Amino acid sequence: MKADAYRFDGKTSCDLSRLPTDAGTEKGKKAEYAEKTAANLKKMESLQEAFYADGREGMVILLQALDAAGKDGTIKHVMGGLNPEGVTVYNFKQPTKTELEHDYLWRVGRCLPPRGGISIFNRSYYEDVLVVQMHQLHKGYRMADRVLQESDREFFEKRYHQICHFEEYLYENSFRVVKIFLHLSKGEQKERFLARIDTPDKNWKFSAADITERARFDEYNQLYQKVINATASEHAPWYVLPADQKWYTRYLVSEIVVEALQKCAPSYPKVTDQVRAEMQRARVQLMAED
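Everything quoted here is computed from the prediction, not taken from an experiment. (Residues numbered from 1 in each chain as written. Predicted model: local features only at pLDDT ≥ 70, side-chain atom pairs only at ≥ 80, totals over all residues. Heavy atoms only, no water.)

**Section: the pairing of strand β6 (residues 238–242)**
Residues in a regular strand project their side chains so that they alternate between the two faces of the sheet.
Inference 1: Counting buried residues in β6 gives five out of five residues, a clear majority hidden from the surface.
Inference 2: Burial of β6 is two-sided: the residues Trp 238, Val 240 and Pro 242 facing one way and the residues Tyr 239 and Leu 241 facing the other way are all buried.
Inference 3: Sheet analysis places strand β1 (residues 7–8) next to β6, joined by two bridges and oriented antiparallel. For Arg 7, the partnering residue across the bridge sits in β6 and is Tyr 239.
Inference 4: One ladder, built from five bridges, connects strand β5 (residues 175–183) with β6; its direction is parallel. (Buried < 20%, exposed > 50% of the residue type's maximum accessible area, 1.4 Å probe, protein only. Helix = DSSP H or I, 4+ residues; strand = E, 2+ residues; numbered from the N terminus. Pairing = 2+ DSSP bridges.)

So this is what it looks like as structure tokens:
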């Protein structure tokens, strides 16, 4: 699988400065990859139907990225291949007052899917070790002194461990976590921000706050690298995907989702002899109507 080249499971260190943000030698193959993506979407449709009927595993697919990296478009163009009956998308924004009164994983637990279902997180609980850490938001939380008096390093290292344990807990309870980071270059982000300003149909996407955050682009990448290395594991690996060419990113994501569903080995529930007999009686009854 081509996406394996971007997979980090804790065995090797992730260095974002050395990882590509573009399609590299594949740049001239847009049409070819569009066909491959379409084929994967059909596979996803078939696999998800069996996954939903099987009902033995659940799945969380989370997308993390800097602004304008293409999270929304990825969900629309790739996850659109899934049956919406078995999928729910959650967009995690700034915590509400009620959410801040609970532990940071509380709002996530409420969004986990039933087995057979898929939850897609547009941003996720990782915001609580990214934006919160970057802007020191935890300093304003109403928490016990014994917690807030810890050094920042201690505070967030504990959160890394908590996240790892949470993802291990999910895996041990028959849920899979697929973690994707869309790795965007600063130059491409600039072009996408300009498009939001210059294209009327994209004006609604523009936020002055995004430009403010852009000033810390390199700091965010350094922090993302730290977080990825601290939370990558065999059962919940990170995929750090080049995001400058959306068509290539979408292909890689479709490949990852197909493989994740295949690993679940979904199968339709076996029909018992009793049910088979009931089906035969129903068939006889229906035919008698004619």
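What follows continues from the structure just given.
**Description of the nonpolar core**
Most often, soluble globular proteins have nonpolar side chains that are buried together.
Inference 1: Counting 40 residues, the largest nonpolar core has Phe 121, Tyr 125, Tyr 126 and Val 240 as its most contacted members.
Inference 2: Counting residues per element, the ones that place at least two in this core are β2 (58–65), α5 (131–134), α7 (152–172), β5, α10 (217–231) and β6.
Inference 3: Residues within four places of Tyr 125 in sequence aside, it is in contact with Leu 62, Tyr 104, Leu 105, Val 108, Ile 163, Phe 166, Glu 167 and Val 177.
Inference 4: Ranked by size, the runner-up nonpolar core spans 38 residues in total, among them Leu 47, Ile 118, Leu 241 and Ile 256. (Core = buried A, V, L, I, M, F, W, Y, C linked by side-chain atoms within 4.5 Å. Contact = heavy atoms within 4.5 Å.)

**Brief notes about a nonpolar patch on the surface**
Inference 1: Taken together, Leu 194, Ile 197, Phe 206 and Ile 211 make up a surface patch of nonpolar side chains, about 320 Å² in accessible area.
Inference 2: A relative accessible area of 45% places Ile 197 in the partly exposed class. (Patch = residues over 30% accessible without salt bridge, like charges linked within 9 Å, V, L, I, M, F, W, Y side chains within 5 Å. Areas by Shrake-Rupley, 256 points an atom, 1.4 Å probe, with all protein chains shown as cover. Salt bridge = Lys/Arg side-chain N within 4 Å of Asp/Glu carboxyl O.)

**Focus on a positive patch on the surface**
Inference 1: On the surface, Lys 76, Lys 202, Lys 205 and Lys 246 cluster together to form a positively charged patch.
Inference 2: A relative accessible area of 37% places Lys 246 in the partly exposed class. (Lys, Arg positive; Asp, Glu negative; His and termini not counted. Charge placed at Lys NZ, Arg CZ, Asp CG, Glu CD.)

**Considerations on the pattern of salt bridges**
Side-chain pairs of opposite charge can arise where the charged atoms are in close proximity.
Inference 1: Per the counting criterion, the structure on display carries 20 salt bridges.
Inference 2: Here the residues in one salt-bridge network are Arg 7, Asp 9, Lys 11 and Glu 234, joined through shared partners.

**A short note on the sheet that holds β5**
Inference 1: If you trace the six strands from one edge of the open sheet to the other, you get β1-β6-β5-β2-β4-β3, paired in mixed fashion. The open sheet terminates on both sides in strands that have one partner only, identified here as β1 and β3 (87–91).
Inference 2: Pairing of β2 with strand β4 (residues 118–122) involves five bridges; the strand directions are parallel. By the bridge assignment, Leu 62 is partnered in β4 with Phe 121.
Inference 3: Packing against the sheet, helix α11 (residues 246–263) makes contact with β1, β2, β4, β5 and β6, and its axis sits at approximately 155° to β6. (Axes fitted to C-alpha atoms, helices over the stretch in contact; angles between N-to-C directions.)

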